[in-house]
Amino acid sequence: SVESVVSCADLACYSAKKAGRNGVELYQDGDQEFTKRTGEISWISKILHALEKKQIVIYYQAISAISNDNDHTHYEVLARLIDEEDGVILPNSFLPAAARYDLMNKIDLEIIERTFYALSNHKFGHLPEGCFVSINLSGQSLSDKHFLMQVGKLLKLYQVNPRQVCFEITESAAINNLVLVQQFIVEMKSQGVSFALDDFGTGLSSLSYLKQFSVDYLKIDGRFIRDIVSDSIDRT
C-alpha cells in the first residue's frame with residue numbers, strides 16, 4: 001500500500017540520518033535496525049493515546065539512608081504507562097520511542113503535574129523537614145525555552161512547597177543545553193527547588209561541571225560504586 005511504502009521510506013530516511021547523513025539506505029524486510037524502528041513507531045500512537053486518556057501514571061520508590069541512626073527518606077517518581085491490553089508497562093519499553101520522536105516534553109510535563117497534584121493532596125504522606133520527591137527531566141524538556149515557564153505555572157497552580165521538589169538531570173542533558181539548563185536551575189533554586197545530577201561519571205563527565213551546575217545531590221553511576229566494599233579503586 002502507499003502507506004506501507006511511505007513508512008518504509010521514512011525508516012530508511014531515519015537510518016540514513018543516523019548513519020551520518022548525505023547517504024542512502026535501502027529498506028529491507030527483516031533487517032534488525034528497521035524492525036526496531038518499526039516497533040518504536042508503533043509505540044507512538046500508544047503514547048499519544050495514553051497522554052490523552054491520562055494513562056501515563058506515577059509510581060514512587062523510597063530512597064533511604066543505609067545508616068540505622070539516619071531516618072532521612074525521600075522519594076523518586078517512576079513513570080508507568082497503563083495499557084488496556086498489556087496492563088502496566090515499564091518505561092524502558094516506551095521511553096526510547098518517546099525520546100526518538102520528541103514526545104519526552106509532553107511526558108515530563110504530565111509526570112510533573114501528576115507529582116505536584118500528589119504533593120498538594122498529601123499522597124506521599126507527611127514529608128518531614130528536608131525530605132523531598134525527585135522527578136527526572138529529559139534533555140528534550142531542558143532544551144525547550146518554554147519549559148521553565150510551564151513548570152513555574154504548575155508550581156503555582158498546585159501550590160506546591162518547592163522545597164519538597166528535586167529535579168534530576170543527567171550530565172549529558174545538562175552539557176548539551178548549557179545555557180538553558182543553567183537558567184532553569186538558577187530560577188528554580190531561587191524558589192526553593194533542589195537539583196540532583198544523575199548518572200554522574202558516564203558520557204562526558206568532568207568534575208568541572210560540578211562547578212558550573214549548582215546541584216545539591218550527586219548520583220554516581222552504579223558501575224563506579226558497585227564494588228565499593230571490595231575494590232579500593234571504586235572506593236577512592
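Scroll up to find the structure.
Residues numbered from 1 in each chain as written. Predicted model: local features only at pLDDT ≥ 70, side-chain atom pairs only at ≥ 80, totals over all residues. Heavy atoms only, no water.

Asker: I'm lost on the packing of aromatic side chains in this one. Help?
Answerer: What characterises a pair of aromatic rings is the spacing of the ring centres plus the angle enclosed by the ring planes. Per the stated rule, a full pass over the model turns up nine aromatic pairs. The interplanar angle of 50° and the centroid separation of 5.7 Å between the aromatic rings of Phe 167 and Phe 184 together place this pair among those described as tilted. Here Phe 167 is found in strand E5 (residues 165-170), whereas its partner Phe 184 is found in helix H8 (residues 178-190), with 17 residues between them in sequence. The two residues Phe 167 and Phe 184 agree in class, both being buried. Relative to Phe 195, the ring of Phe 184 lies with its centre 5.9 Å away and its plane at 85°, an arrangement referred to as edge-to-face. Remark: Phe 195 occurs in strand E6 (residues 194-200) and Phe 184 occurs in helix H8; sequence separation between them is 11 residues. For Phe 184, a relative accessible area of 4% gives the class buried. In this structure Phe 195 comes out as buried when scored by relative accessible area, which is 0%. By the ring-pair criterion, three or more aromatic residues cluster together here, those being Phe 147, Phe 167, Phe 184 and Phe 195. The ring of Trp 43 carries Lys 46 above its face, with NZ or CZ at 4.8 Å from the centroid. In this arrangement the basic side chain of Arg 80 is found over the ring face of Tyr 59, its NZ or CZ atom lying 5.3 Å from the centre. (Phe/Tyr/Trp six-rings, centres within 6.5 Å; stacked < 30°, edge-to-face > 60°. Helix = DSSP H or I, 4+ residues; strand = E, 2+ residues; numbered from the N terminus. Buried < 20%, exposed > 50% of the residue type's maximum accessible area, 1.4 Å probe, protein only. Lys NZ or Arg CZ within 6 Å of the ring centre and 35° of its normal.)

Asker: So what exactly am I meant to see when it comes to the nonpolar core here?
Answerer: What tends to happen in soluble globular proteins is that the nonpolar side chains get buried as a cluster. Ile 47, Ile 107, Ile 112, Phe 116, Phe 167, Phe 184 and Met 188 are the most contacted members of the largest nonpolar core, which totals 53 residues. If one sorts the elements of this core by residue count, helix H4 (residues 104-120) sits on top with eight residues. Residue contacts for Met 188: discarding those within four places in its chain leaves Leu 148, Val 151, Gly 152, Leu 155, Phe 167, Val 193 and Phe 195. (Core = buried A, V, L, I, M, F, W, Y, C linked by side-chain atoms within 4.5 Å. Contact = heavy atoms within 4.5 Å.)

Asker: How do you make sense of helix H3 (residues 91-100) when you look at a structure like this?
Answerer: By the burial criterion, the buried members of H3 are Phe 94, Ala 97 and Ala 98. For H3, the buried positions fall inside an angular range of 105° around the axis, keeping them on one side. At the C-terminal side of H3, Asp 102 shows a positive phi close to 60°. (Arc of directions from axis to C-beta.)

Asker: Before we go on, may I ask you to explain the packing of H4 against helix H6 (residues 147-158) in this structure?
Answerer: Packed helices, taken two at a time, are described by their axes: the angle between them and the distance between them. Two elements in contact, H4 and H6, have axes whose closest approach is 9 Å; the angle formed by their N-to-C orientations is 20°. Considered as vectors, H4 and H6 are oriented roughly parallel to each other. By crossing handedness, the relation of H4 to H6 is classed as right-handed. For the pair H4 and H6, the contacting residues are Asn 105, Leu 109, Ile 112, Glu 113, Phe 116, Tyr 117 and Ser 120 in the first and Phe 147, Gln 150, Val 151, Leu 154, Leu 155 and Tyr 158 in the second. Each residue belonging to the contact of H4 with H6 can be placed in one class, and the counts come to nine nonpolar, three polar and one charged. (Axes fitted to C-alpha atoms, helices over the stretch in contact; angles between N-to-C directions. Parallel < 35°, antiparallel > 145°, perpendicular 65-115°, else oblique. Left-handed = near helix turned anticlockwise from the far one by under 90°. Nonpolar A, V, L, I, M, F, W, Y, C, P; charged D, E, K, R; others polar.)

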